[in-house]
Amino acid sequence: MRVLIVEDEVRLARNVAKALEETASFAVDIAADGEDGLHQALSNPYDLIVLDLMLPKVSGLDILARLRREGNRVPVLILTARDTTDDIIKGLNTGSDDYLIKPFDMGELIARCQALIRRHYDRPDPVVSVGELSVDTASRMVTFRDRSVSLPAMEYRLLEYLVLRAGQIVTKEEIIEHLYDFNAENFSNVVEVYISALRKKLDPGSPHQLIHTVRGQGYLVGETP
Amino acid sequence: MKPMSIKLRLSLLVSLLTLAVILMLSIIVYVEIKESLLRSVDTILRTTGNAIVASFEEGDSWEERENDFRSVMGNPNTGDFAWCRIWLEGSEKDMFSSGLLNYPHRSSLLERLPEEEPEVGQTSLFSTTAMIDQHDEYPFRVLWTRRIEAQQIINVLVGRSSHHVHHELVEFYQLLLVVGASLTALAFLVAPILASWGLRPIAQASAQLRKITHKSLKQDREDHEPAPELKPFVAALDDMLARLDKAMRQQEQFIADAAHELRTPVAIVKSTLQTIRLQHRSASEYEESIEETLQDIGRLERLIAQLLSLAKLEGADNPSEPAEIRLDALLGETVETFQARAAQQGNRILFPDPPVTRLRGDEDQLRRLFSNLIDNALRHGPAKDTIRVKLEHGTDHQACVSIHDEGGQIPAEALAHLFDRFYRVDPSRAQTTGGSGLGLAIAREIARRHRGEIDVTSNPETGTNVMVRLPRT
């Protein structure tokens, strides 16, 4: 999952990014002002935006209004020190999906981020099961044939994205866009490397039962639609 | 003492006015009636007197005359007390007397003749009293006339009791008292109702005022046109409410800003600590987190200190006992405290010899004022900057302190807001400059309390110049 944090307090943004990367295996981009934030939000397909309201250059509410006006459906969580009910109502009515007041609890922020992403992918149950595979997106526990499987961060990130979109064809471009942050170096064959690593652990036999390759289009997890 | 209610005042006023009018009317009527009653007594006396004099002139025999006198005077035992006395001038003995003069107390009537007797041929009237028995003394009107009859001067006195007049007057007086008292009492009862009616616009206005809360200060009230007398009052109130509303909004804005400014460093510290605890870290990572946390707490500390000093400044009265201060020395010391930091940053501060300047004020506050301004110049001025602090005597007994740096990048639209609390030219609240946004607000507040002012000009060619003008002694 790829998340954008728009926050001018550099240290706070860095801490949230670090927590989301470590705890939720998200790929995180940071924008330190409103202009940069709007630009990034419009140019990349984020799974979630954590948005401060009082930002230099362009305010958080302006960014949000602009995104919604352009039909962007990305979940937005407002993270701000503005705490009045009026502010909260205004934020939600401008199109945000959630509102958290600073100072906040990091665990709560992470849980809210994960919940927003589950909703966005229409998977209200944090445990997603496909055949004999079950992925708990809240605790990042992967179970295959009743055995717990431990996966490195990047492999988990890929698996989570694929199972959330189970039953749909996922292109290689989508995988790269959703799993890598702006700073990551993209290698065209890196997706294949992680796919084959996942297959080794979760989908041994041949032909593959779990992660199917759709020739010329991408990958598909679970039953063909 | 509890103030007297307007209703009570108006009631008393109306009642007193009624009382005064009734009293005045009563007095006038009383006097008029008394005079007219006495006049009627006098008319009878004159008629009687004329009849007696006429019977003299007719030249009848003395017996006939006496009969005439008696018929003129009427029966002494009926009607009002009346008497008559006729005597020759110089004679001790009366030629004729009737009525009360036969009573044992006649002497009292004779003794009370006025000193000045009427001219011969003239008539005079006077009032007197006489005992009609042992206990009762009655008022009398008396006519005295002197005539020449057969080369002798004859005195005629005719008296008539005016007791009935006084009796009627007393009755009338009692009537007036009853009617007057009833009217006054009625006025006193009706006055509060009238007063309430008269005061109703005030009651209506106050009912509307009562609906005002701190949230509806400026909301338009239901359009009850106030009474003309209340208009200036209502207009003044509206003015006051508008000012209160503005102050309230500013206060709300300040609290919102202060909350934001206080929460942000707390949020950063909390996020730093919670993030570092997510998993096991290396010793250097822990140390870095501690260092960052301490920096953020330092920022919080400075912010709290400035908020408190601003609150103190705004809350306190003007400096209680302003002392006389040597501004030139104070500036010199303040500049000195910044020299080390300036040198460290590669900047320098120049403070050419100032003229001796005295002013009255609070030394600590003034030190903070100039510290804040120099600190600002060091913080926001360009690298390798020269900051010039200058003290001059201006016109109108002013001390002018200018603090000049070579920056000059403050945009024109920002200049107007520079002294607003929490205002920053660069809204990013970046850690690099670390200002709280309160320094200039505090500086202006201090200058204002010393009856001074601060102006800022900024343009890229001449740099940024902050000018503080304070009245000197």
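Residues numbered from 1 in each chain as written. Chains lettered and ligands numbered in written order. Predicted model: local features only at pLDDT ≥ 70, side-chain atom pairs only at ≥ 80, totals over all residues.

Draft legend 1. Seen up close, the overall build of chain A. When helices and strands are tallied, chain A shows 8 helices and 12 strands. Out of the 225 residues belonging to chain A, those deemed buried represent 42%. (Helix = DSSP H or I, 4+ residues; strand = E, 2+ residues; numbered from the N terminus. Buried ≥ 20, exposed ≤ 12 C-beta atoms within 10 Å, placed from the backbone.)

Draft legend 2. Local environment of the confidence of the model for chain B. For chain B, the average pLDDT comes to 83, and 89% of its residues sit at 70 or higher. The ipTM for the predicted assembly is 0.87, set against a pTM of 0.64. (pLDDT = per-residue confidence, 0-100.)

Draft legend 3. The sheet that holds strand β9 (residues 147-149) of chain A, seen in detail. Residues and elements named next belong to chain A. Spatially, the 4 strands line up as an open sheet ordered β6-β7-β8-β9, and their pairing is antiparallel. In this open sheet, the two edge strands, each paired with only one partner strand, are β6 (127-130) and β9. Ignoring strand direction, the axes of neighbouring strands in this sheet form an average angle of 25°. Two strands pair when backbone bridges link them, and strand β8 (residues 141-144) and β9 are joined in this way by 3 bridges, in the antiparallel orientation. Opposite Phe144, over in β9, you have Arg147 as the bridge partner. (Pairing = 2+ DSSP bridges. Axes fitted to C-alpha atoms, helices over the stretch in contact; angles between N-to-C directions.)

Draft legend 4. Broad picture of the interface of chain B and chain A. The interface of chain B with chain A comprises 20 residues on the first partner and 21 residues on the second. Residue composition of the side of chain B that touches chain A, grouped by class: 6 nonpolar, 9 polar and 5 charged. (Contact = placed C-beta atoms within 7 Å. Nonpolar A, V, L, I, M, F, W, Y, C, P; charged D, E, K, R; others polar.)

Draft legend 5. Inspection of the confidence of the model for chain A at higher detail. For chain A, the mean per-residue pLDDT works out to 90, and 96% of the residues sit at or above 70. Across chain A, the secondary-structure element scoring lowest on mean pLDDT is helix α8 (residues 190-202) of chain A, at 87, and the one scoring highest is strand β3 (residues 48-51) of chain A, at 97.

Draft legend 6. Spotlight on the sheet that holds strand β11 (residues 211-214) of chain A. All names here are of chain A. Spatially, 3 strands are ordered β10-β12-β11 in an open sheet, and the strand pairing comes out antiparallel. The open sheet terminates on both sides in strands that have one partner only, identified here as β10 (169-170) and β11. Direction of pairing for β10 relative to strand β12 (residues 218-221): antiparallel, over a ladder of 2 bridges. Its bridge partner lying in β12, Val170 is registered against Tyr219.

Draft legend 7. Up close: the packing of helix α1 (residues 10-24) of chain A against helix α5 (residues 106-120) of chain A. All names here are of chain A. Where α1 meets α5, the closest approach of the two axes is 10 Å, and the angle between their N-to-C directions is 65°. Like other packed secondary-structure pairs, α1 and α5 cross with a definite hand, here right-handed. Only Met106, Leu109, Ile110, Cys113 and Gln114 of α5 make contact with α1, whose side of the interface consists of Val16, Ala19, Leu20, Thr23 and Ala24. (Left-handed = near helix turned anticlockwise from the far one by under 90°.)

Draft legend 8. Spatial organisation of the pairing of strand β4 (residues 137-149) of chain B. All names here are of chain B. Sheet analysis places strand β3 (residues 123-131) next to β4, joined by 9 bridges and oriented antiparallel. Within β4, the position partnered with Leu125 by the bridge is Leu143. In this sheet, strand β5 (residues 152-161) lies alongside β4 in antiparallel orientation, the contact comprising 10 bridges. When the sheet's bridge partners are listed, Trp144 is paired in β5 with Leu157. Here β4 hands over to β5 after 2 residues, with Ala150 in that stretch at a positive phi of 55°.

Draft legend 9. Representation of the nonpolar core. Ranked by size, the top nonpolar core spans 71 residues in total, and within it Val3, Ile5, Leu20, Leu48, Leu51 and Cys113 of chain A carry the most contacts. No other element matches α1 of chain A, which puts 7 residues into this core. Residues Leu373, Val401, Ile442 and Ala443 of chain B belong to the second largest nonpolar core, which totals 29 residues. (Core = buried A, V, L, I, M, F, W, Y, C linked by C-beta atoms within 7 Å.)

Draft legend 10. Highlighting unusual backbone geometry. Following Lys102 of chain A, the chain continues into Pro103 of chain A via a peptide bond in cis, with omega recorded as -5°. The residue Pro103 of chain A is located in the loop between β5 (98-101) and α5 in this model. You will see that Asp146 of chain A, though not glycine, has its phi angle at about 65°, which is positive. Following the sequence through the fold, Asp146 of chain A ends up in the loop between β8 and β9. Given 7 C-beta atoms within 10 Å, Asp146 of chain A falls into the exposed group. Its identity is not glycine, yet Arg451 of chain B carries a phi of approximately 60°, on the positive side. Take Arg451 of chain B: it is sitting in the loop between α10 (439-449) and β11 (453-459).

Draft legend 11. Highlighting α1 of chain A. The end-to-end C-alpha distance of α1 of chain A is 21 Å, a good match for the 21 Å that 15 residues give at a rise of 1.5 Å each. Restricting attention to buried positions, one finds in α1 of chain A the residues Leu12, Ala13, Asn15, Val16, Ala17, Ala19, Leu20 and Ala24 of chain A. Structurally, α1 of chain A contributes buried residues whose contacts are with β1 (2-6), β2 (27-31), β3 and α5 of chain A together with α5 (231-276) of chain B. Two residues or fewer after α1 of chain A comes Ser25 of chain A, characterised by a positive phi angle close to 55°. (Expected span 1.5 Å × (residues − 1).)

Draft legend 12. Expanded view of the packing of helix α2 (residues 34-43) of chain A against helix α3 (residues 60-69) of chain A. Residues and elements named next belong to chain A. Between α2 and α3, whose axes approach to 10 Å, the crossing angle comes to 20°. As summarised for this structure, α2 and α3 are arranged roughly parallel, according to the angle between their axes. Note that α2 runs across α3; the crossing there is right-handed. Between α2, through Gly34, Gly37, Leu38 and Ala41, and α3, the contact on the second element is made entirely by Gly60, Asp62, Ile63, Arg66 and Leu67. Of the residues in the contact of α2 with α3, the class split is 4 nonpolar, 3 polar and 2 charged. (Parallel < 35°, antiparallel > 145°, perpendicular 65-115°, else oblique.)

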